[in-house]
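Structural description and commentary
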Amino acid sequence: MNPTSKKGETTLPEDKKGKTYSFDVCSQCKVYCCQDAKPPLTETRKKIIKQYVNEQKIKVDQPFARENYSYPAVDALLYCNFFNKETKKCSVHSVKPETCVSGPITFDINFKTKKIEYFLKKSEICAFAGVLYTDKAAFKTHLEEAKKQLIQLVCQLDAKELHAIVKIDEPQTFKVDEDDLPIDLVKKLGLK
Ligand code: SF4
Ligand code: SF4
């Protein structure tokens, strides 16, 4: 779904039409998943975003924050500092974090089965998820891309960061698929 035009830069096919696949739905949304999202950032993603912000001369006072893992810094209302409240768009859309590209598909790690599990937000909390789920072809394409993005992410994060991230509850989602964890990740997580 996302051929890469520049190193680390993601171009969604729908961008070529001048608006995103989800924009019509998301622009009406009152939830805004860019509030209190705190998408995980790898060091590689931070470098890519930093470079993009410099090249595009995007003004962001504080781009990144860190607690148990790194994420884009947020304002007092917990809006991501990259969220443009006027346009209601992401100012780093083409290089945004892996979980932002994957949304409304999210992930969890099942340490017992050694699987990565994929979940979709319920339509009650994300209208776009409902639209996507009813368009089977678009959903399949998006799920494939989400899997690529999320596997890349979990392979680059360290074990402590991953443990902290999967502890975050994501209610109102349902499981749509699962895959075996890559063997290197099984080793990194100390799973037998
Ligand atoms: S992805 Fe879902 S929650 Fe986020 S802005 Fe779009 S409709 Fe709203
Ligand atoms: S990086 Fe962009 S898409 Fe992700 S939470 Fe921030 S504003 Fe939203």
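Model, not experiment: these values are computed from the prediction.

Overview of the site of ligand 1
Every residue close to ligand 1 is listed here: C26, C29, C33, I125, C126, A127 and F128. Broken down by class, the residue content of the shell around ligand 1 amounts to seven nonpolar, no polar and no charged.

Topic: the pattern of salt bridges
Per the stated rule, a full pass over the model turns up twelve salt bridges. Here K46 makes a salt bridge to E43, at a shortest N to O gap of 3.3 Å. Here the residue K46 and the residue E43 both occupy positions in helix α2 (residues 43-55), the gap between them amounting to three residues, near one helical turn. Note that K148 is salt-bridged to E145, the shortest N-O span being 3.5 Å. One end of the pair, K148, and the other, E145, are both in helix α5 (residues 136-156), three residues apart, so they sit about a helical turn from each other. Given a relative accessible area of 54%, K148 falls into the exposed group. Via salt bridges that share partners, E117, K175 and E178 belong to a single interconnected network.

Thoughts on the confidence of the model for the protein
Taken over all residues, the pLDDT of the protein has a mean of 87, while the share at 70 or more is 88%. Note on residues 1-20: pLDDT is under 50 here. Beyond four places in sequence and across chains, it has 35 contacts.

Focus on the pairing of strand β8 (residues 115-121)
Most of β8 is tucked away, with five of its seven residues classed as buried. Counted between consecutive antiparallel strands, the loop separating strand β7 (residues 105-110) from β8 contains four residues, among which K114 sits at a positive phi close to 60°. One ladder, built from seven bridges, connects β8 with strand β9 (residues 173-180); its direction is antiparallel. Bridge pairing links L120 to F174 in β9.

Details of the packing of helix α4 (residues 127-134) against α5
Taken N-terminus to C-terminus, the directions of α4 and α5 make an angle of 110°; their axes are 5 Å apart at the nearest point. Between α4 and α5, the angle is such that the two are roughly perpendicular. On α5, the residues touching L132, Y133 and T134 of α4 are K136, A138, F139 and H142.

Re the environment of T99
When you line up the elements, T99 lands in helix α3 (residues 98-102). Sequence separation between T99 and K38 is 61 residues, and the spatial gap between their C-alpha atoms is 9.6 Å.

Quick word on α2
Taking 1.5 Å per residue as the helical rise, α2 with its 13 residues ought to reach 18 Å, and the 18 Å between its terminal C-alpha atoms agrees with that figure. Taken together, the buried positions of α2 are R45, K46, I48, I49, Y52 and V53. Taken around the axis of α2, the buried residues stretch over an arc of 165°, which confines them to a single face. Facing away from the buried side of α2 by more than 90 degrees, the exposed set consists of E43, K47 and N54. Directly after α2, the chain includes K57, whose backbone phi takes a positive value near 55°.

What about the sheet that holds β8?
Spatially, three strands are ordered β7-β8-β9 in an open sheet, and the strand pairing comes out antiparallel. Each end of this open sheet is capped by a strand with a single partner; those strands are β7 and β9. Each strand axis lies, on average, 30° off the axis of its neighbour in the sheet, ignoring direction. In terms of strand pairing, β7 meets β8 through six bridges, oriented antiparallel. Counterpart to I109 in the pairing with β8 is I116. Against the sheet, α5 makes contact with β7, β8 and β9, and its axis sits at roughly 50° relative to β7, the strand it touches most.

The rules behind these values
Numbering of residues starts from 1 in each chain and follows the order in which that chain's sequence is written. Written order decides the labels, with chains lettered from A and ligands numbered from 1. Selection of residues for local features in this predicted model requires a pLDDT of at least 70, selection of side-chain atom pairs for listing and counting requires 80 or more, and totals for whole chains, interfaces and linings are taken over all residues. Where side-chain values are given, they derive from all heavy atoms of the structure, hydrogens and water being excluded. It suffices for a single heavy atom of a residue to lie within 4 Å of a molecule or strand for the residue to be listed as near it. Gly is placed with the polar residues, together with every amino acid not listed as nonpolar (Ala, Val, Leu, Ile, Met, Phe, Trp, Tyr, Cys and Pro) or charged (Asp, Glu, Lys and Arg). By convention in these notes, a salt bridge is any Lys or Arg side-chain nitrogen within 4 Å of a carboxyl oxygen on Asp or Glu. Comment: elements are numbered from the N terminus, with helices defined as DSSP H or I runs of at least four residues and strands as E runs of at least two. Residue exposure (1.4 Å probe, protein chains only): buried if accessible area is under 20% of the type maximum, exposed if over 50%, otherwise partly exposed. Confidence scores labelled pLDDT are given residue by residue by the predictor and lie between 0 and 100. Residues count as neighbours in contact if any of their non-hydrogen atoms are within 4.5 Å of one another. DSSP bridges decide pairing: two strands pair if at least two such bridges lie between them. Between N-to-C directions, angles span 0 to 180 degrees; the directions come from axes that are lines fitted to C-alpha atoms, helices contributing only their stretch in contact. Angles are sorted into four bins: roughly parallel if under 35 degrees, roughly antiparallel if over 145, roughly perpendicular if 65 to 115, and oblique for all others. Here the expected span of a helix is defined as 1.5 Å times the quantity of residues minus one. Here the arc refers to the directions that run from the helix axis out to each C-beta atom.

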